[in-house]
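Chain by chain, the residues run as shown.
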Amino acid sequence: MKLENRLPAEGINSSDENPLKELAWLVVGSLGAVFLLAFAVSLAAQWLAPRIPYKYEARLAATLPPFATTPNNDAGRAVQAELRAIADRLAAHMDLPDEMVLRVGYRDEATVNAFATLGSQVVFFRGLLTKLESEDALAMVMAHELAHLKYRHASAALGRGVAIGVILSVVSSDLGSSAAGNVLSTAGLATLLSFNRDQERAADDAALHALHAEYGHIGGAIDLFNVMKTLPGGQRESSSAAVELLRTHPLTNSRVDAVAQWASDNGAATDRPRRPLPPAIAALRSVSKP
Amino acid sequence: MLDLIELGLFITLLVVGFFAGSIVEKRHYASIRKREREYADVLAYAVRFPPDRVTPQRAFLVHGTVVISSDYFKTFVAGLRNLFGGRVRTYETLMERARREAMLRLKHHARSQGAKLVICVRFETTTISTGWAASIEVFAFGTALIPDHNTALSFPSRSVAAA
């Protein structure tokens with residue numbers, strides 16, 4: 001036997017390929033896969049949520065602290081009663097599920113917003129009420145929130161959030177690397193946000209129907225959008241913390257265009273006289289003015 | 001905001017991992033190739049028994065061990081690779097460097113003991129840590145032989161050729 005010494009072979013056990021190329025392919029592939037999966041699950045949750053009987057949503061909501069709380073003073077309770085009356089009038093045109101019992105809450109806080117959530121709860125903040133000049137504009141907000149309840153958007157969002165959370169936790173634990181998991185979960189959240197905008201459009205559409213049926217015109221929607229334009233940070237999606245309304249309901253051009261389109265499609269007037277605000281709500285404006 | 005900071009931190013770690021890792025790897029390979037030539041006179045084989053005509057005067061265990069760590073970039077790419085399967089190229093260079101380094105240390109050990117022939121060379125690998133900073137240990141060991149001077153043995157290396 002002849003004993004030889006040869007240098008180790010190069011390029012057999014490892015490759016010279018630039019690792020950035022591999023990274024690019026893997027990132028594109030994995031983000032694409034997560035987006036697709038999150039998208040499919042979102043669609044499934046959105047489809048499924050309104051089909052789950054409302055009583056299960058109500059049962060779940062009963063386990064959470066209530067959002068639509070009653071104010072602890074007479075003025076606040078008067079505002080709540082007026083909001084409730086407007087909600088009941090609009091709800092009559094909205095074909096809400098029979099077993100849904102509306103709960104309208106009012107909070108004496110400066111936040112400029114209103115929201116609808118699990119268990120058919122709608123909550124208005126004083127900050128928003130003092131910005132609105134007519135009952136019509138207030139009714140547009142109310143009808144929009146009631147439409148979220150009608151379409152069960154809160155339970156759709158909950159179902160979607162839970163399903164996507166489960167997917168991402170599976171994906172990221174599979175990766176065995178928290179860093180990769182974080183990037184993927186951020187991608188999943190972006191999908192969640194884009195879906196909420198579709199729901200906002202659906203809610204606007206149902207709200208316009210109810211507004212037209214109750215008031216005979218949709219001037220309230222125009223008024224509301226005009227008010228939103230004057231808010232600090234109007235037309236932009238980011239704004240001060242007090243003006244949550246613009247963050248959760250971005251006033252995009254497509255939203256304004258959709259209202260104009262709806263008006264012309266349905267022959268709805270926008271310039272009829274507005275109804276004045278009910279007294280207790282109107283009083284909030286005069287208190288905050290000076 | 002917090003998400004942005006997290007993302008920025010992550011990208012910084014990835015970039016640092018990539019550049020630092022590339023420089024370290026390039027230097028390590030250069031050092032390995034240089035020392036492989038320097039240790040060309042120490043022969044190492046996987047055979048279990050001494051080659052023909054080698055009459056060992058002395059035999060003893062020699063070993064070389066190295067602990068080597070992945071970088072953030074390599075671990076991240078490997079983590080994504082786990083989703084799809086296939087060659088984990090970023091770890092292949094890591095393992096190759098570790099094996100060649102362990103072999104060099106084994107040869108260094110053998111030469112320091114006066115041996116120029118090692119047989120029955122084996123490798124062991126241990127994972128020291130997993131997660132975002134994976135480290136591995138590679139351990140090479142073998143039996144060093146110091147042959148009888150009278151034995152006619154055809155060594156190709158410099159030292160023998162000079163003798």
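None of the values given here were measured: they were computed from a predicted structure.

What follows is about the overall build of chain B. Looking only at helices and strands, chain B has 4 helices and 4 strands in total. Mapped in sequence order, the helices and strands of chain B form the string α-β-β-α-α-β-β-α. Across the 163 residues of chain B, 31% fall into the buried class. Considering only intrachain contacts with a sequence separation of at least 6, the fraction spanning at least 24 residues in chain B is 82%.

Across its full length, chain A carries 11 helices and 3 strands. Reading the helices (α) and strands (β) of chain A from amino to carboxyl end gives α-α-α-β-β-β-α-α-α-α-α-α-α-α. With 290 residues in all, chain A has 36% of them scored as buried.

What follows covers the sheet that holds strand β1 (residues 103-107) of chain A. Residue and element names in this part refer to chain A. Strand order across the open sheet formed by 3 strands is β1-β3-β2, with mixed pairing between neighbours. At either end of the open sheet lies a strand with only one pairing partner, and these are β1 and β2 (114-117). For this sheet the average axis-to-axis angle between neighbouring strands, irrespective of direction, equals 20°. Bridge analysis of β2 against strand β3 (residues 121-125) gives 4 bridges, and the strand direction is antiparallel. Directly across from Phe 115, in β3, lies its bridge partner Val 123. Taken strand by strand, helix α3 (residues 74-91) contacts β1 and β3, and its axis lies near 140° from that of β1. Of the strands in this sheet, β2 and β3 touch helix α5 (residues 135-150), which is tilted by about 20° from β2.

Okay, the packing of helix α2 (residues 72-84) of chain B against helix α3 (residues 89-112) of chain B next. To characterise two packed helices, one gives the angle between the axes of the helices and the distance between these axes. Residues and elements named next belong to chain B. Relative orientation of the contacting elements α2 and α3 amounts to 130°, with a least axis distance of 8 Å. By the criterion of interaxial angle, the relationship of α2 to α3 is oblique. Side by side, α2 and α3 meet where Lys 74, Val 77 and Ala 78 of the first sit next to Thr 90, Tyr 91 and Leu 94 of the second. Considered class by class, the residues forming the contact of α2 with α3 number 4 nonpolar, 1 polar and 1 charged.

Turning to the environment of B:Lys74, a few remarks are in order. Residues and elements named next belong to chain B. Examined against the element boundaries, Lys 74 turns out to sit in helix α2. The class of Lys 74 is buried, set by 24 C-beta atoms lying within 10 Å. For Lys 74, the contacting residues outside a window of four places in its chain are Gly 21, Thr 90, Tyr 91 and Leu 94.

Time to look at the packing of α3(A) against α5(A). All names here are of chain A. Contact pair α3 / α5: the axes reach a minimum separation of 10 Å and the direction vectors enclose 65°. Taken as a pair, α3 and α5 cross one another with a handedness that is right-handed. Residues Ile 86, Ala 87, Leu 90 and Ala 91 of α3 form the contact with α5, whose own contacting residues are Glu 135, Leu 138, Ala 139, Met 142, Ala 143 and Leu 146.

A few words on the sheet that holds strand β3 (residues 117-129) of chain B. All names here are of chain B. One open sheet holds the 4 strands; their spatial order is β1-β3-β4-β2, and the pairing between them is mixed. Every other strand in the sheet has two partners, leaving β1 (43-44) and β2 (56-69) as the edge strands with one partner each. Of the pairings in the sheet, the one linking β1 to β3 comprises 2 bridges and is parallel in character. Residue Ala 44 lies in a different strand from β3, and its bridge partner there is Val 118. Across the sheet, α3 touches β1, β2, β3 and β4 (135-147), and the angle it forms with β2 is around 145°.

In summary, soluble globular proteins display a tendency toward joint burial of nonpolar side chains. Among the nonpolar cores identified, the biggest contains 49 residues, and A:Ala143 and A:Leu211 are the most heavily contacted of them. Among the elements that line this core, the one with the most residues is α5(A), at 10 residues. Aside from chain neighbours lying at most four places away, what touches A:Ala143 is A:Leu90, A:Ala207, A:Ala210 and A:Leu211. Judged by nonpolar contacts, the second largest core, of 21 residues, contains B:Leu43, B:Ala102, B:Leu117 and B:Leu145.

This brings us to helix α1 (residues 19-48) of chain A. Between the first and last C-alpha of α1(A) there are 43 Å, a value that for 30 residues agrees with the 44 Å anticipated at 1.5 Å per step. Restricting attention to buried positions, one finds in α1(A) the residues A:Glu22, A:Leu26, A:Ser30, A:Val34, A:Ala38, A:Ser42, A:Ala45 and A:Gln46.

This brings us to the confidence of the model for chain B. Residue and element names in this part refer to chain B. Per-residue confidence for chain B averages 87 on the pLDDT scale, and 88% of its residues sit at or above 70. For chain B, helix α4 (residues 158-162) is the element with the lowest average pLDDT, namely 42, and α3 is the one with the highest, namely 95. Segment residues 157-163: pLDDT under 50, and 7 contacts once partners within four positions in sequence are set aside and those in other chains are kept. Overall fold confidence for the complex sits at a pTM of 0.59, while the interface term, ipTM, reaches 0.73.

This part covers the confidence of the model for chain A. Residues and elements named next belong to chain A. Averaged over chain A, the pLDDT score is 81; the fraction of residues at 70 or greater is 84%. Low pLDDT, under 50, characterises residues 190-195; the stretch is placed with 8 contacts to residues that sit more than four places away or in other chains. Of the regions scoring below 50 in pLDDT, residues 234-241 engages in 16 contacts with residues more than four places distant in sequence or in other chains.

Reading guide: rules and limits
Residues numbered from 1 in each chain as written. Chains lettered and ligands numbered in written order. Predicted model: local features only at pLDDT ≥ 70, side-chain atom pairs only at ≥ 80, totals over all residues. Helix = DSSP H or I, 4+ residues; strand = E, 2+ residues; numbered from the N terminus. Buried ≥ 20, exposed ≤ 12 C-beta atoms within 10 Å, placed from the backbone. Contact = placed C-beta atoms within 7 Å. Pairing = 2+ DSSP bridges. Axes fitted to C-alpha atoms, helices over the stretch in contact; angles between N-to-C directions. Parallel < 35°, antiparallel > 145°, perpendicular 65-115°, else oblique. Nonpolar A, V, L, I, M, F, W, Y, C, P; charged D, E, K, R; others polar. Left-handed = near helix turned anticlockwise from the far one by under 90°. Core = buried A, V, L, I, M, F, W, Y, C linked by C-beta atoms within 7 Å. Expected span 1.5 Å × (residues − 1). pLDDT = per-residue confidence, 0-100.

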